[in-house]
Structures are given as structure tokens and as C-alpha cells.
Amino acid sequence: MNRSPNFPLTALLTLLLVLAGCAVGPNYRRPSAPAPPAFKEQPPVNFKEAEAAGWKPSQPGDAYSKGRWWELYNDPALNALEAQVSVSNQNVLQAEAQYRQAKAAVGVARAALFPIVTTTPSITSGRGTATGNGSGASGSQTSFNLPFNVSWEPDLWGNIRRGVTASTENAQSLAAYVANARLLYQAELAQDYFGLHGIDGEAGLLTRTEASYKEYLTLTRDRFSAGVASDLDVAQADSQLYQVQSQLIDLGVQRAAFEHAIAILIGKPPAELTIPPVPLTTSPPSLPLGLPSELLERRPDIAGAERQVAAANEQIGIAMAAFYPTLSLT
């Protein structure tokens, strides 16, 4: 019985393909949180009857679009400032750059699954003299060299595939970090914006109070000149006016701090941003009621932390694969 000369090679390739399907280390499973049979407190009246009997299973909603939530306030100036956070905020841009870097790392890790082809081409040129039959002749010679080197390391124990999975999960974690950073700075900008205009309302009230106290001081001085009031009354009127003016100065410092913070959040120097004083006249919008757990389901930082746990789990398999031999084909 004659065997084919390619039988050992075919058997070796079959064995490599079988081993390439193996992977050492634990597979990741999302951890489950223990849930008590019922709420400790009584549920609200408008709570669904189906959910009132026990805990509601968690349904992560970090992939849902957060939307332009600041438009609920119907403030065009706030809308214009919030739109600049995603474009000009340096921390958000840094997070997006890290996310793009993580996405590129996925391609780098996946490239290790394929063979590596290298070449070192060279060209050699020279002149020589040939002697024959008593006569000499000279000429040039050029040689071309184009060698190829092919190497491949089969993924016998799954360490490369686990590295690809870990890189993918790390990129997903950074994507959640980008969403969390954008949401964080947008919320901080809204707080600073309303804090600034809240100070404008207080400053308007104190400005009217200052004008009233100036009139009262003038009246008190006139009464003192007529002998009706004492110098103590004049001193008290002066003290009231100076106290209001001191409060106005403090409010000016606080307003400048809010304005500088808003400028930094939108990526501008504080000298390039001036927000005119406008007291708030509209009522806050009505927000939909819900449970705190529903807000937790939509938090991108929690989803990012879970992806980091998944990436760390893949590192266990990569470390375990180091106990086994590797095979390199050249």
C-alpha cells in the first residue's frame, strides 16, 4: 500500500486546524446580582402592578441615545453652548482619540491571526573586465534579489483570539467612557449656566435694593441736617448701603467664576466668552418620574466598567496559554 507523499503535511495541517479551535481559560459570563424577593419599602401608587410584586429585572439601556436633553429648557443660548461641548471640549476630544486608538488596536490584534510576509529586495550593479584570446572587454552587470520570508504562528490555545476579544471589549469600554464624559460636561455646563443666571436674578434684586438704600441715605442725611435724625441714623443707613454693595461685589465674583467655567467647558479662553446678564423668567420643565434604578440602567460608566471586567477575564486565558508550547512555521 503506497501512501501519498503529501499525507504527513495534510495530517499536520489538520492537527493545527483542530488545535486552533481550542482556547484555554474561562469564558466570560456577565455576573448576576442577588435580588431579594420584594422591596423593603412600599412601591408608589403609580407603580405597575406587574412589577409591584417583586424586583424588576435589570435591562441595561446604555446603548440608548441620550438625545439633546437640554432642549427641554427652551433656551436658545443654552442650546448653542451645549452644542460646542462635543466639538471643542478638550477632555471629550481626548476621550474620542483614545477610543479611536482602541479601535485601531483591535485591527492590530486581529492581524496576528494571519501569516507575516516580509521581503528585503536588493539591486547590485558593477563593472568588470573579461580577458579572452588576447583581447580585453569591459561591461556592467546588474543583479536583482527579491527574497520572501513567510512565517505563521498558529493560535493553538486561543491566546490571540482572546487578545482580539479583549481589545474589542476595551474599545467598547472606551466608547462608554466617551459617552459618559460628554454627558458629564454637558450636565456641568447646564448647572453653571443656570447658576450664572440665578446670580443675575439676585444681582437685579440687590441693585434695586441698593437704589432704595441710596434714597433712604439721602433722606436720612436731610433729616439729620434738619435736626430730626441723629448721626446714628445716618451711620446705620450708610452701613445698610455698604452691606448691599459688598454683596453685589461678591455676586460679581461668583458670576465671573461661572462664566469662566462655561468658557473652559466649551474649549474657549475665558476672555473670548461674554454672557449677557439675563435673569431667569421661565419655570423649570416638568421631568418624567421614575425610579433611581432606571437611571442606573442608562449610565454609560456602569456599562464601561462591565466591559472592563470582560476584558480582564480574557487576560486570564492569555496568561494560562503561556503555560503551553507555541509553534512557529516559517
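The preceding data block contains the structure.
Everything numeric here is computed off the predicted structure, so don't read it as measured data. (Residues numbered from 1 in each chain as written. Predicted model: local features only at pLDDT ≥ 70, side-chain atom pairs only at ≥ 80, totals over all residues. Heavy atoms only, no water.)

Participant: It is not clear to me how the overall build of the chain should be interpreted in this structure. Could you clarify?
Facilitator: When its secondary structure is counted, the chain shows 9 helices and 4 strands. Element order for the chain, N to C, with α for helix and β for strand: α-α-α-α-α-β-β-β-β-α-α-α-α. Taken across its 330 residues, the chain has 25% of its residues classed as buried. Considering only contacts in the chain between residues 6 or more positions apart, those separated by 24 or more positions represent 77%. Per element, the accessible surface of the chain, about 22,500 Å² overall, is 59% carbon and sulfur. (Helix = DSSP H or I, 4+ residues; strand = E, 2+ residues; numbered from the N terminus. Buried < 20%, exposed > 50% of the residue type's maximum accessible area, 1.4 Å probe, protein only. Contact = heavy atoms within 4.5 Å. Areas by Shrake-Rupley, 256 points an atom, 1.4 Å probe, with all protein chains shown as cover.)

Participant: Is there a simple way to explain the packing of aromatic side chains in this structure?
Facilitator: Here a ring pair, both rings aromatic, is described through the centre-centre distance and the interplanar angle of the planes. On inspection of all chains with the given rule, the structure shows 4 aromatic pairs. A ring pair is formed by Tyr193 and Phe194, whose centres lie 5.6 Å apart and whose planes are at 80 degrees; its orientation type is edge-to-face. Of the residues examined, Tyr193 reaches a relative accessible area of 3% and is grouped as buried. (Phe/Tyr/Trp six-rings, centres within 6.5 Å; stacked < 30°, edge-to-face > 60°.)

Participant: Any chance you could explain helix H7 (residues 231–265) here in plain terms?
Facilitator: Along an α-helix, a turn takes 3.6 residues, which lines up residues three or four apart on a common side. With 35 residues, H7 ought to run about 51 Å at 1.5 Å a step, and its terminal C-alpha atoms sit 52 Å apart, in line with that. Buried within H7 we find Val234, Ala237, Asp238, Leu241, Val244, Leu248, Leu251, Arg255, Glu259, Ile262, Ala263 and Leu265. Those residues of H7 hidden inside the fold are in contact with helix H3 (76–83), helix H4 (85–88) and helix H6 (159–225). Of the residues flanking the end of H7, it is Gly267, one or two places downstream, whose phi is positive at about 75 degrees. (Expected span 1.5 Å × (residues − 1).)

Participant: Help me understand a nonpolar patch on the surface in this model?
Facilitator: A contiguous nonpolar patch, built from Val117, Leu146, Phe148 and Val150 and spanning about 410 Å² of accessible area, is present on the exposed surface. Within the secondary structure layout, Val117 lies in strand E1 (residues 116–119). (Patch = residues over 30% accessible without salt bridge, like charges linked within 9 Å, V, L, I, M, F, W, Y side chains within 5 Å. Salt bridge = Lys/Arg side-chain N within 4 Å of Asp/Glu carboxyl O.)

Participant: What is the right way to look at the packing of H6 against H7 in this model?
Facilitator: When two helices pack together, you describe them by how their axes are tilted relative to each other and by the distance separating the axes. The N-to-C vectors of H6 and H7 enclose an angle of 160 degrees; their axes lie 8 Å apart at closest approach. One way to sum up the angle between H6 and H7 is to call them roughly antiparallel. With respect to the hand of their crossing, H6 and H7 are arranged in left-handed fashion. Of the residues contributing to the contact of H6 with H7, the split by class is 21 nonpolar, 8 polar and 12 charged. (Axes fitted to C-alpha atoms, helices over the stretch in contact; angles between N-to-C directions. Parallel < 35°, antiparallel > 145°, perpendicular 65-115°, else oblique. Left-handed = near helix turned anticlockwise from the far one by under 90°. Nonpolar A, V, L, I, M, F, W, Y, C, P; charged D, E, K, R; others polar.)

Participant: Whenever I open this one, the pattern of salt bridges confuses me. Can you help?
Facilitator: When the charged atoms of two side chains with opposite charge come close together, those side chains can pair. Tallied over the full model, the rule gives 11 salt bridges. Note that Glu169 and Arg307 form a salt bridge whose closest N and O atoms lie 3.9 Å from each other. Within this pair, whereas Glu169 is found in helix H6, its partner Arg307 is found in helix H9 (residues 300–321), the two being separated by 138 residues in sequence. Across this residue pair, the class does not change: Glu169 and Arg307 are buried. Ionic pairing is found between Glu306 and Arg307, a salt bridge with its closest N-O pair at 2.9 Å. As far as the burial class goes, Glu306 and Arg307 line up, both buried. By sharing partners, the salt bridges in this structure join Glu169, Glu306 and Arg307 into a single network.

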